[in-house]
Amino acid sequence: MAGIGAGGLALATQGRAFAAGSENVLKIGFVSPRTGALSGFGQTDGYVLDLVRKALANGLAVGDKTYEVQILDVDTQSDPSRASQLAKSLINSDKVDLILAVSTPETINPVADAAEAAGVPCLSTVMPWEAWYFGRGAKPGAPSPFKWTYHFGFGVGEFHRTYVSQWNLLETNKKVGVLYPNDADGNAVRANLAPLLEKDGFTIIDPGAYEDGTTDYSAQIALFKKEKVEIFNSFPIPPDFAAFWRQAAQQGLRKQLKICQVAKTGLFPDGIEALGSLGFNIASAAYWHKTFPYTSSLTGVTGIELADGYEAATGKQWTQQLGATLALFDAGAAAVKASGTPTDKAALAKAIATLNTTTIGGKVDFTSGPVPNVSPGPIIGTQWVKAPSGSKFKLDYVVTENVTDPNVPVGAKLLPLNG
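Every value quoted in this text rests on a predicted model; they were computed, and no experiment measured them. (Residues numbered from 1 in each chain as written. Predicted model: local features only at pLDDT ≥ 70, side-chain atom pairs only at ≥ 80, totals over all residues. Heavy atoms only, no water.)

Things to note about the confidence of the model for the chain
Summary statistics for the chain give a mean pLDDT of 93 and a share of 95% for residues scoring 70 or more. Confidence drops under pLDDT 50 across residues 1-21; counting only partners more than four residues distant or on other chains, this segment forms 49 contacts. (pLDDT = per-residue confidence, 0-100. Contact = heavy atoms within 4.5 Å.)

Some remarks on the pattern of salt bridges
As enumerated under the stated definition, the model contains 9 salt bridges in all. Its salt-bridge partner being Arg34, residue Asp73 comes within 3.2 Å of it at the nearest N-O pair. With Asp73 in strand 3 (residues 65-75) and Arg34 in the loop between strand 1 (25-32) and helix 1 (45-55), this pair connects stretches of sequence that are 39 residues apart. You'll find Asp73 and Arg34 in the same group, each marked buried. We classify Asp73 as buried; its relative accessible area is 4%. Connected through salt bridges with shared partners, the residues Arg34, Asp45, Arg53 and Asp73 form a single ionic network. (Salt bridge = Lys/Arg side-chain N within 4 Å of Asp/Glu carboxyl O. Helix = DSSP H or I, 4+ residues; strand = E, 2+ residues; numbered from the N terminus. Buried < 20%, exposed > 50% of the residue type's maximum accessible area, 1.4 Å probe, protein only.)

Concerning the packing of aromatic side chains
Enumeration over the complete set of coordinates arrives at 27 aromatic pairs. A ring pair is formed by Phe41 and Phe268, whose centres lie 5.0 Å apart and whose planes are at 90°; its orientation type is edge-to-face. Pair noted here: Phe41 is in the loop between strand 1 and helix 1 and Phe268 is in the loop between strand 10 (259-262) and helix 9 (269-273), with a separation of 227 residues, a long-range link. Here Phe41 matches Phe268 in class, with each residue buried. (Phe/Tyr/Trp six-rings, centres within 6.5 Å; stacked < 30°, edge-to-face > 60°.)

A word on the sheet that holds strand 3
Taken in spatial order, the 7 strands line up as 2-3-1-4-5-6-14 in an open sheet, and their pairing is mixed. Because the sheet does not close on itself, it has two edges, and the strands there are strand 2 (60-62) and strand 14 (374-376). The average angle at which neighbouring strand axes cross in this sheet is 25°, direction not considered. Bridge count for strand 2 against strand 3 is 3 bridges, and the pairing is antiparallel. Along strand 3, the bridge assignment pairs Ala61 with Thr66. Contacts from helix 2 (residues 80-92) reach strand 1, strand 3 and strand 4 (98-102) within the one sheet, and its direction differs from that of strand 3 by about 150°. (Pairing = 2+ DSSP bridges. Axes fitted to C-alpha atoms, helices over the stretch in contact; angles between N-to-C directions.)

A short note on the nonpolar core
Core analysis: the largest hydrophobic core is formed by 106 residues, its most contacted members being Phe244, Trp245 and Tyr287. By size, the runner-up hydrophobic cluster in this structure holds 28 residues, among which are Val74, Ala112, Ala114 and Tyr133. (Core = buried A, V, L, I, M, F, W, Y, C linked by side-chain atoms within 4.5 Å.)

Focus: helix 6 (residues 184-199)
Taking 1.5 Å of rise per residue, 16 residues should cover 22 Å, and helix 6 covers 23 Å from first to last C-alpha, within 8% of that figure. Along helix 6, the sharpest change in direction is near 40° and occurs at Arg190. By the burial criterion, the buried members of helix 6 are Asp185, Gly186, Ala188, Val189, Leu193, Ala194 and Leu197. Residues of helix 6 that are buried make contact with helix 3 (105-118), helix 4 (129-133), helix 5 (156-167), strand 8 (203-205) and strand 9 (231-234). Looking at where helix 6 begins, the residue whose side-chain oxygen comes 2.8 Å from the main-chain nitrogen of Gly186 is Asp183. Just downstream of helix 6, Gly201 is the residue with a positive phi angle, here 95°. (Expected span 1.5 Å × (residues − 1). Bend = angle between axes of the 7 residues up to and from the residue. Polar contact = N/O pair within 3.5 Å; in protein donor to acceptor, adjacent residues only side chain to side chain.)

Here's what the structure looks like:
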């Protein structure tokens, strides 16, 4: 294996010569945020890439040919402009056959736009599909403008079902203070999720969009206290939530809340641990959990094996990104096999468009909507709780509801924030 550090290029060949001939080489670009504000999403990349490269070390059989697979992984540094530049470099300089992009609109959308413009198949996951589809110019009810780019995973509909299921586990006044940023995630959630929650009897208290990087949330906190909100919901980047949450504690809002439901931030143990005792009982939602009852079609590992292997290899607590990133490679490999000729970009794009497979994250099915180029996926209600005495880590991440995938076992009751 050759490598040039985090965000550099690495190959899956290990110097192996393939009898099928040098023309049977498949290049896959993998784009993710390994450093910067979104680095939590890329923390597990190295471990997953090692598993994938080992699984592909002897090549990937497609029909009667075996392809040498080269994975070129790059780090966006959490910068959308850099993400676009890296995608263009992978396309124009490295001549990749397929791009896999993961985690947040800041990474995925600019990569997908570059791939669409260049006619290169691109598959992505881990962001609300509405922010991917409509955020890139598609119109409701109109034909899809995308031929080369595809996305799988949760959407506003899954968040809606999960939040209603989760929030009804505790008795509250159903007043929800929301803090939605002025970005692709925040705007998609404000336009689509908030109206659905209101139809289910929740009162939404929205002080308006805020800009990423805001440091003073006194006005929003004052409004939430005045309106006596008992549920808080936000889709912030990690530094913004940390600033808000500490101010919420200092200014008396936290003790008023019964549920703090955070998405995008609150996904990974490092970010919650950094809050100290303020992190206990924060509710989250998981696009993957180690108890998902599925197996990786590419590597053969189960969720428990993936999580335990990561902890043993790194000494760090498992995160939900492990399964999501591996699921992306599962789906990508399944599409490559189904294409018949993976170096034919049109054939590969068609294979993704008709893909119906099961990954370590569950089913990926592009044949059934909700819109073209999108396969929906689950989001599971979870909570960060104080780990039992004697545990290796400070926090335990428990499943509290499973309405979007009943195959996932519920492991704990939702606790009140101050309970």
